[in-house]
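Structure at a glance
In case you want the letters, here they are:
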Amino acid sequence: KQEVTQIPAALSVPEGENLVLNCSFTDSAIYNLQWFRQDPGKGLTSLLLIQSSQREQTSGRLNASLDKSSGRSTLYIAASQPGDSATYLCAVRPYGNNRLAFGKGNQVVVIP
Amino acid sequence: KAGVTQTPRYLIKTRGQQVTLSCSPISGHRSVSWYQQTPGQGLQFLFEYFSETQRNKGNFPGRFSGRQFSNSRSEMNVSTLELGDSALYLCASSLQGHTDTQYFGPGTRLTVL
């Protein structure tokens, strides 16, 4: 059974610092990995999707890397802003189905 | 292009009742998945529908069921509600394949009293 872990569960950083969020998974047989953002009481917003054949994806201040063999992904957010405060979730899609396995999330607070 | 929509956004029910939640996927998307999110368990997969057929099912009791219509809209039903069914229910849609991005709706917040 795929297990997805996100560490740390919560963190606070001052505005302007770079954010580094980690995600690890136990089974490397995946199609892809997706990072989401969730604001309190809201749905999930897709940030980046990395296919299993890719090493990284970038969108604006966001960069996500994937090391499938070691079962790890990292989300970097450059020059954090108070608006980046949210919970960030990573999810892996295993071979053979469309069923995402989620981590519990990294709850981020960016202090002005 | 409109995003994934879910109705209703909030529901309050009592134990023993049943409830139906609705999800309209992004236009052109044929796969619809449902997830339950609770503070203790996080996000858990309920089921996925593709072209009106259930393609995958999570580890939930038979009280949880769903269906998909020919226009790809989907409904999920929970019968004989229990207190533990209180959660945020999220629907996600994707084009069709296992390499596609999944897009989530705003969710339906169900409270069971």
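Higher on the page you've got the structure.
The text that follows walks through the structure, step by step, so that each part is easy to find. Keep in mind that this is a model prediction, so the values were computed, not measured. (Residues numbered from 1 in each chain as written. Chains lettered and ligands numbered in written order. Predicted model: local features only at pLDDT ≥ 70, side-chain atom pairs only at ≥ 80, totals over all residues. Heavy atoms only, no water.)

By a frequent convention, interface size equals the accessible area lost on bringing the separate parts together. In this assembly, 28 residues from chain B lie in contact with 21 residues from chain A. Together chain B and chain A conceal approximately 1,800 Å² of surface at their shared face, both sides included; 49% is due to carbon and sulfur atoms. Joining chain B to chain A, the criterion identifies zero salt bridges. Between chain B and chain A we count 11 residue pairs in polar contact (both at pLDDT 80 or more) in total. Of all the secondary structure elements, the ones that give two or more residues to the side of chain B that touches chain A are strand 4 (31–38), strand 5 (42–50), strand 6 (53–57) and strand 9 (87–94) of chain B. Looking at the side of chain B that touches chain A, its residues break down into seven nonpolar, 16 polar and five charged. (Contact = heavy atoms within 4.5 Å. Buried area = accessible area lost by both parts, 1.4 Å probe. Salt bridge = Lys/Arg side-chain N within 4 Å of Asp/Glu carboxyl O. Polar contact = N/O pair within 3.5 Å; in protein donor to acceptor, adjacent residues only side chain to side chain. Helix = DSSP H or I, 4+ residues; strand = E, 2+ residues; numbered from the N terminus. Nonpolar A, V, L, I, M, F, W, Y, C, P; charged D, E, K, R; others polar.)

Let us now look at unusual backbone geometry. Residue Pro8 of chain A is reached from Ile7 of chain A by a cis peptide bond, and omega for that bond is 0°. Inspection of the secondary structure assignment puts Pro8 of chain A in the loop between strand 1 (4–7) and strand 2 (10–14). Cis peptide bonds are those with omega within 30 degrees of zero, and the linkage from Thr7 of chain B to Pro8 of chain B qualifies with -10°. Within the element layout of this structure, Pro8 of chain B appears in the loop between strand 1 (5–7) and strand 2 (10–13). With a phi angle near 50°, Ser51 of chain B is a residue other than glycine that sits in the positive phi range. Within the element layout of this structure, Ser51 of chain B appears in the loop between strand 5 and strand 6.

Turning our attention to the pattern of salt bridges. Within the structure shown, the criterion is met by eight salt bridges over all chains. With a closest N to O distance of 3.0 Å, Asp39 of chain A and Arg37 of chain A form a salt bridge. Note that Glu82 of chain B and Arg63 of chain B form a salt bridge whose closest N and O atoms lie 3.6 Å from each other. Taken together, the positions of Glu82 of chain B in the loop between strand 8 (74–78) and strand 9 and Arg63 of chain B in the loop between strand 6 and strand 7 (64–68) put the pair 19 residues apart, joining distant regions of the chain. Accessibility expressed as a relative area gives 43% for Glu82 of chain B, which makes it partly exposed. Residues participating in the shared-partner salt-bridge network are Arg63, Glu82 and Asp85 of chain B. (Buried < 20%, exposed > 50% of the residue type's maximum accessible area, 1.4 Å probe, protein only.)

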